[in-house]
Amino acid sequence: MMVGIAGTPGTGKTALGDELARRGERVVRVAETVGPFVVDEVDGVREVDEEAWSAAFEPVDGYVEGGLAHLLPCDRLVILRCRPDELERRLNARGYPPAKVRENVEAEALDVVLCEALERHPPDRVLEIETTDRPVGETADLVAAFVAGREPPSHGRIDFSGYLVVGP
Ligand SMILES: Nc1ncnc2c1ncn2[C@@H]1O[C@H](COP(=O)(O)OP(=O)(O)OP(=O)(O)O)[C@@H](O)[C@H]1O
Ligand SMILES: [Mg+2]
């Protein structure tokens, strides 16, 4: 079974992948598979031919962690979420430029990854998990329970729209 771990940058995909790997799970990192499909690079950010990458992706029995994971034909999809004010803190701590922080925080507030995911995956295969105040070990426990069928699918209960910035 291929399990995708998706979410806006900074929501904790890599941290969760590290924890699952520590538990002995197979974890593939999207970032390590996109190389041949990079079509451009702007300010150090690689632009990927997502269609070509997704079509060429060899299915794995395990977890696939990264920002494009929701574009793959996963059997289960976990979408990590983070409250926008905390996400802003995490991305600022990385030294991202303000415009990049704002863009990602807005995407999180607008459910962009969830919407893209639901265009491709039946809702009963999707689990959203908020990582804002959740220790990564607890997130990993939830994911394991979801994959085992002990935790039901769930999405749409998170509403960050109150964090959208109004005005110019
Ligand atoms: N409860 C938490 N769960 C996950 N990460 C957390 C949590 N609290 C703080 N963090 C921190 O937030 C950051 C999350 O970054 P991480 O690299 O895992 O995100 P990502 O989703 O992989 O981002 P990217 O898409 O840019 O690779 C890390 O510095 C991590 O230590
Ligand atoms: Mg990451």
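Residues numbered from 1 in each chain as written. Chains lettered and ligands numbered in written order. Predicted model: local features only at pLDDT ≥ 70, side-chain atom pairs only at ≥ 80, totals over all residues. Heavy atoms only, no water.

Undergrad: I would appreciate a short explanation of the pattern of salt bridges in the present structure.
TA: Opposite charge on two side chains allows them to pair when their charged atoms are near. Within the structure shown, the criterion is met by 14 salt bridges. Linking Asp18 and Arg29 is a salt bridge whose minimum nitrogen-to-oxygen distance equals 2.7 Å. In this pair, Asp18 is assigned in helix α1 (residues 13-22) and Arg29 in strand β2 (residues 27-29), connecting sequence segments eleven residues apart. Assessed through its relative accessible area of 41%, Asp18 is described here as partly exposed. With a shortest N-O distance of 3.1 Å, Arg89 and Glu86 are connected by a salt bridge. In this pair, Arg89 and Glu86 both sit in helix α3 (residues 84-93), three residues apart, roughly one turn of the helix. You can call Arg89 partly exposed: its relative accessible area is 48%. Using a relative accessible area of 18% as the deciding quantity, one classes Glu86 as buried. (Salt bridge = Lys/Arg side-chain N within 4 Å of Asp/Glu carboxyl O. Helix = DSSP H or I, 4+ residues; strand = E, 2+ residues; numbered from the N terminus. Buried < 20%, exposed > 50% of the residue type's maximum accessible area, 1.4 Å probe, protein only.)

Undergrad: What is the right way to look at helix α6 (residues 136-147) in this model?
TA: Think of an α-helix as turning once every 3.6 residues; residues three or four places apart then point the same way. Over its twelve residues, α6 runs 16 Å from end to end, which matches the ideal 16 Å to within 8%, given 1.5 Å per residue. Taken residue by residue, α6 has Thr139, Ala140, Leu142, Val143, Ala145 and Phe146 as its buried positions. Close packing links the buried residues of α6 with α1, β5 (62-65), β6 (76-81) and β7 (126-130). (Expected span 1.5 Å × (residues − 1). Contact = heavy atoms within 4.5 Å.)

Undergrad: What should I look at first to understand the site of ligand 1 in this one?
TA: Around ligand 1 lies a shell of 13 residues, among which Lys13, Thr14, Ala15, Arg94 and Arg134 are the nearest. Here Thr11 contributes a backbone N or O atom positioned 3.5 Å from an oxygen atom of ligand 1. Isolated, ligand 1 exposes 630 Å² of accessible area, and the fraction of that covered by the protein chains is 65%. Residues that form the shell around ligand 1 fall into these classes: three nonpolar, six polar and four charged. (Near = heavy atom within 4 Å. Polar contact = N/O pair within 3.5 Å; in protein donor to acceptor, adjacent residues only side chain to side chain. Areas by Shrake-Rupley, 256 points an atom, 1.4 Å probe, with all protein chains shown as cover. Nonpolar A, V, L, I, M, F, W, Y, C, P; charged D, E, K, R; others polar.)

Undergrad: Can you walk me through the sheet that holds β6 in this structure?
TA: The pairing of strands in a sheet comes from backbone hydrogen bonds and takes either a parallel or an antiparallel form. Taken in spatial order, the five strands make up an open sheet running β2-β5-β1-β6-β7, and their pairing is parallel. The open sheet terminates on both sides in strands that have one partner only, identified here as β2 and β7. Neighbour-to-neighbour, the strand axes of the sheet open up by a mean angle of 20 degrees, direction not taken into account. Across three bridges, the pairing between β2 and β5 is parallel. Bridge pairing links Val28 to Val64 in β5. (Pairing = 2+ DSSP bridges. Axes fitted to C-alpha atoms, helices over the stretch in contact; angles between N-to-C directions.)

Undergrad: Help me understand helix α4 (residues 98-109), please; the structure alone is not making it clear to me.
TA: For α4, which comprises twelve residues, the first-to-last C-alpha distance of 16 Å matches the rise-based estimate of 16 Å (1.5 Å per residue) to within 8%. Every buried residue of α4 is accounted for by Val101, Asn104, Val105, Glu108 and Ala109. End-on, the buried residues of α4 take up no more than an arc of 140 degrees, which puts them together on one face. Buried-residue contacts for α4 involve β6 and α3. (Arc of directions from axis to C-beta.)

Undergrad: I keep staring at the side chain of Ser54 and nothing clicks. Help me out?
TA: Turning to its location among the elements, Ser54 is positioned in helix α2 (residues 50-56). Other than its neighbours up to four places away in sequence, Ser54 contacts Leu71 and Leu72.

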